[in-house]
Structure formats: C-alpha cells, structure tokens
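If you want the building blocks of each chain, they are given just below.
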Amino acid sequence: MQRKIIVTGSHGVIGRAAAIRLAGQPDVKVYGLARRTEPAIPGVESISVDLTRPDQVRDALSGIRDVTHVVFGAYIEKPTAAEKSELNVAILRNLMDAVEETSPNLRHVTFYQGGKAYGADLGPFKTPAREDDPRLMPPNFYYDQEDHLRERQRGKDWAFTALRPEAVCGFAVGNPMNLSMVIAVYAAISKELGIPLRFPGTEAAYRALYQVTSADILAEAADWAGQTPAARNEIFNITNGDYFRWQHMWPKIARMFGMDWADPVPTPLTTYMTDKGPLWESMVAKYGLQPIAYEKIASWAFGDFIFNSGFDNISSTIKARQAGFHACIDTEYMFEGLFRRLREDKIIPPVS
C-alpha cells in the first residue's frame, strides 16, 4: 500500500532529512510543508504554508487526500515556556484539523521531543535519561503536544510516536538548532583569522559526557516508527548510540579543518561571533561560497547553550533497541561526513 506522507518543517535540519529519507522509499509520496519552498528537495512536492494560520493550512491541504502518515518537524521559537507551548500546540492542532478532515485513513503521526523533556535546559538531570522518567514542572510544549495527540486519537485508528533526539546534527541552513553548522562556521572563521580552534564553552562542559543525534539516524527512526507496531503510542530516545567528551572530540574536529587547537577559553559566541558578518561576506567572495546571509547560517545562541552545559547528558536507547530500532553511527565519522558535504556544496571553505 502506498504511503502518502506530510512532513512539516521540511527545510529544517530534522524535517529535511526525514523528507529526503522517506521520498527515497518505494511507494511513497512526500509533501514537504514549510514557509519557504527553496531550495527544492529531490522527490518532495513542496508546499508553502504558514502553520499558524488555520485557514491557510486548510486551503493548502484541501487537495491532498488520503494522507497516511504525518511527520511533524515544525517548531517556532518564543521567549517564554508558556508562549512556546501555546503556539507549538496550535500549529500541530491546525495541521491535524486539516489532515483529519480529508484523510479518514490516517495511520500514524511522528513528532519530536528532546532533552528538554528531561530538563537538559534547566541543569543537571538524572542519567541515563529514560522515557519513563517523570515529567517536570509545566509548561513544556513537548508534554502539551503529546497530550493533545493522546486526547485527539481517542476512538480513532491512527497512532503516534514521539522521538527524543539530542543536539541534532545535519545538513540544513537557516535552522536555529543545528550544532554541526555552528561548529563548521565557527571553525572556518577561526581558521580565516589565523587562530587555533578553541572550545568556546566552559571547562565543565568541555569535560562532561555528551551525545548528539545525526539527522539521518533520526530520519531513519521516523521511517521505522511509522511502520512498526511496537512503536505505536510510544516514546523513544534516539541518539547516535555513543557518548563523548568535547575534550577528546575537539582536537579531532580541528584536524578535520586542518587547524591547530588550544585550551578552551569561555568565549560567548553571541558576543564574539555576531560581528563577523563582513568577514563572512569576504570569505564567500574569496572562496566562491553560496551567498547565504550570515545571520541565517548558524545560531550562536544555540551554540552557547550546548557549549555551556557543564553536566553529563546521557539518554538510554535501550527501549528503542528492544522495539527493533538498531541504527547507530560513530559521532566522529558523522562530523567528518557533514563537514565534507558542506565543503562540496560550497557552504564552508575548502581545507587548504
């Protein structure tokens, strides 16, 4: 049976990887929903839509019937937890209202949570984090989206799966939560300035255990969840499957850029990188890079958040493995592959 899949946030680091993965499967038709439709995603029918406007969502999807799967990768940042929850539940509701209206045979909804479900944004938390750990003080839009879907699915045949990655690394520009882009641009600028690659966060973060999630691994998990009975109405931690300390990974990253490295010095990226736009423009011209606006190429605030988390961040992936999902990737290999692709696509300079 053909799968007809809607992927929201299809130009983000999570949604783009999911759309590409799913479009490459046999008997699958993928519709990618995002505010912008460029650049095109091979094999994906792009639809420009503002998910905050229910009338626009309904009109955009009125001609798409018999949707079988939804992969909800959309996210809108807001300054407070309450505002964030209200808006991100609203965009999920707007989409589901439109899909259920035209697709009575909907089978599955995949959506994403993350380390904030365990308090990774608040401070040290119990590790390894497990999916059955108790909730924290609300509001938390992860919980509220989950509760909305649980309430909505009562008496219906479709199921959902929540996937919980940590620090997603993938190939997407203009996404605020893409750690690989932060590292790549920071390294490229450091090299252009002739300075060694220093870890810009705290000494505690440099030495703590950390984990990340490849966007490709996460996309594979979304594909798996939508077809696996054991994933129905379940939550799974999805990471690369290994752990590392930046103190050991950072020299390896420096070598990937042909750079020396030096001891870490706390250097707030939002302070020291926001003035580098003119330098980046000169690098774009010098190396023939894609003319991507500097303010869209990396989120320095996200980098500061990650590089100042001075406590262990470890999630258990036992539940996912027991349910049948076994994909993993060596994180060093992942970084190397992503940086190579960024060079091939002329987003960052070549190694000289």
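Before any of the text, the structure's been laid out above.
None of the values given here were measured: they were computed from a predicted structure.

Rules behind the numbers
Residues numbered from 1 in each chain as written. Predicted model: local features only at pLDDT ≥ 70, side-chain atom pairs only at ≥ 80, totals over all residues. Heavy atoms only, no water. Salt bridge = Lys/Arg side-chain N within 4 Å of Asp/Glu carboxyl O. Buried < 20%, exposed > 50% of the residue type's maximum accessible area, 1.4 Å probe, protein only. Helix = DSSP H or I, 4+ residues; strand = E, 2+ residues; numbered from the N terminus. Pairing = 2+ DSSP bridges. 1 Å grid on protein atoms, 1.4 Å probe; cavity = no way out; pocket = protein on both sides within 12 Å on 5 of 7 lines; lining within 4 Å. Points joined across faces, edges and corners; volume = space filled by probe spheres on them.

> How should I be thinking about the pattern of salt bridges in this particular structure?
When their charged atoms lie close together, side chains carrying opposite charge are able to pair. Across all of its chains, the model carries 21 salt bridges by this definition. Aspartate 132 is paired through a salt bridge with arginine 130; the nearest N and O atoms lie 2.9 Å apart. Linked by salt bridges that have partners in common, Asp97, Glu100, Arg152 and Lys156 make up one network.

> Is there a simple way to explain the pairing of strand E4 (residues 69–72) in this structure?
For a regular strand, side-chain orientation follows a simple rule: the groups alternate between the two sheet faces. What you see with E4 is no split at all: His69 and Val71 on one side and Val70 and Phe72 on the other are buried throughout. Where strand E1 (residues 3–8) meets E4, 4 bridges bridge the pair, whose relative direction is parallel. Residue pairing across strands places threonine 8 opposite phenylalanine 72, the latter belonging to E4.

> I would appreciate a short explanation of empty space enclosed by the protein in the present structure.
The gaps left among the atoms become clear once a water-sized probe is rolled over them. Scanning all chains against the criterion turns up 2 cavities of 30 Å³ or more. As a volume, the largest cavity reaches approximately 40 Å³. If you go around the largest cavity, the residues you meet are Arg3, Ile5, Leu22, His69, Val70, Val71, His108, Thr110, Ala222, Asp223 and Gly226. Breaking the lining of the largest cavity down by element, the ones donating at least two residues are E1, E4, strand E5 (108–112) and helix H7 (215–225). Top contributing element to the lining of the largest cavity by residue count: E4, with 3 residues. Here the second largest cavity is characterised by a volume of approximately 30 Å³. Lining of the second largest cavity is provided by Ala120, Glu166, Tyr210, Phe305, Ile306, Ser309, Phe311 and Asn313.

So yeah, pure geometry; function would need other evidence.
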